[in-house]
Every structure is written in structure tokens, then in C-alpha cells.
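# Reading the structure
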Amino acid sequence: MSVLLKDIEFMATQKLDQPLRDNLNRGVMNDVTLGVNREAFSRLRIRPRYMVDVSHRDLTVQVLGHTIRAPICVSPFGISRDYCPNAELETAK
């Protein structure tokens, strides 16, 4: 099953109040950043690999000279508590 960004956005519109939806859906500088981000996201693809031994995986990456166990990072999000009461704790989990 494939989930597209537009599917996630649609599901969010069903759960969020109008001011929060508007905040998530707008960009800066006439939506230039929003357009560039959408275009970059659309270039990402997951390449399935078949018949590959995955019994020993290593997801570590180097980020700014530090080793991270998995290539997952979270950027600051100023009004996260408006979306979830325990936002910072949930993000950390």
C-alpha cells in the first residue's frame, strides 16, 4: 500500500482546526519554500530490494561529525503544543 503526501494532508484536515490547518499549509515568501519542499519531497522514492540478506543491518549515519544510530532527525517546531498537548515529550519518545 502506498501513502502519498496528499493523503496525509487530507487526513490532517479532518482532525485539525482551521487555524492549525492554515498554519501547516502556508509557506513563506509567496509560498516559494512550500513549493520547493513539495518538489524535493516528490523526488524521493523507496527502492525495494529483493533477495538481499537483511539479518545484519546498520542504519548509523554521520551528521555534523556525530554518529547517529538511525537517519531520523526532528527539527524544532515552534507551536507543536497547539497540535498535541504533550508534543515535546511525544516527539522525544
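Reference entry: report on the structure contained in this document. (Residues numbered from 1 in each chain as written. Predicted model: local features only at pLDDT ≥ 70, side-chain atom pairs only at ≥ 80, totals over all residues. Heavy atoms only, no water.)

## Quick look at the overall build of the protein
The line we're drawing: The helix count covers DSSP runs of H or I at least four residues long, the strand count covers runs of E at least two residues long, and both are numbered beginning at the N terminus. Atoms counted for the radius of gyration: C-alpha only. Globule rule: 2.2 Å times residue count to the power 0.38. Buried residues are those whose accessible area, probed at 1.4 Å on protein chains only, stays under 20% of the maximum for their type, while exposed residues exceed 50% and partly exposed ones sit between those limits. Should any heavy atoms of two residues lie within 4.5 Å, those residues are counted as being in contact. None of His or the chain ends enter the tally, which takes Lys and Arg as positive and Asp and Glu as negative. Taken as the charge centre is NZ of Lys, CZ of Arg, CG of Asp or CD of Glu, depending on the residue.
A tally of helices and strands in the protein yields five helices and two strands. Seen in sequence order, the protein has helices and strands lined up from the N terminus as α-α-α-β-β-α-α. On C-alpha atoms alone, the protein measures out to a radius of gyration of 17 Å, which is more than a quarter above the 12 Å that the 2.2 N^0.38 rule sets for 93 residues. Seen through its C-alpha atoms, the protein measures out along the principal axes to roughly 45 × 30 × 25 Å. Per-residue burial for the protein yields a buried fraction of 6% across its 93 residues. Looking at the protein alone, contacts between residues at least 24 apart form 30% of all its contacts between residues at least 6 apart. Here the protein contributes 13 positive and 11 negative side-chain charges, whose respective centroids are spaced 5 Å apart.

## Description of the environment of L5
Within the fold, L5 resides in helix 1 (residues 5-15). The partly exposed category is assigned to L5, whose relative accessible area is 29%. Sequence-distant contacts of L5, defined by excluding residues within four places in its chain, comprise R38 and F41.

## Section: the environment of R38
In this fold, R38 is placed in helix 3 (residues 32-42). Look past the residues within four positions of R38 in its chain and what remains in contact with it is L5 and E9.

## A look at the environment of N30
Relative to the helices and strands, N30 resides in the loop between helix 2 (18-25) and helix 3. Relative accessible area serves as the criterion here: at 79%, N30 is assigned to the exposed category.

## Remarks on unusual backbone geometry
Unlike most non-glycine residues, M51 shows phi in positive territory, near 60 degrees. Take M51: it is sitting in the loop between helix 3 and strand 1 (61-63). With phi around 50 degrees, L64 is a residue other than glycine that occupies positive phi space. Inspection of the secondary structure assignment puts L64 in the loop between strand 1 and strand 2 (66-68).

Just distances and angles here, no functional claims.
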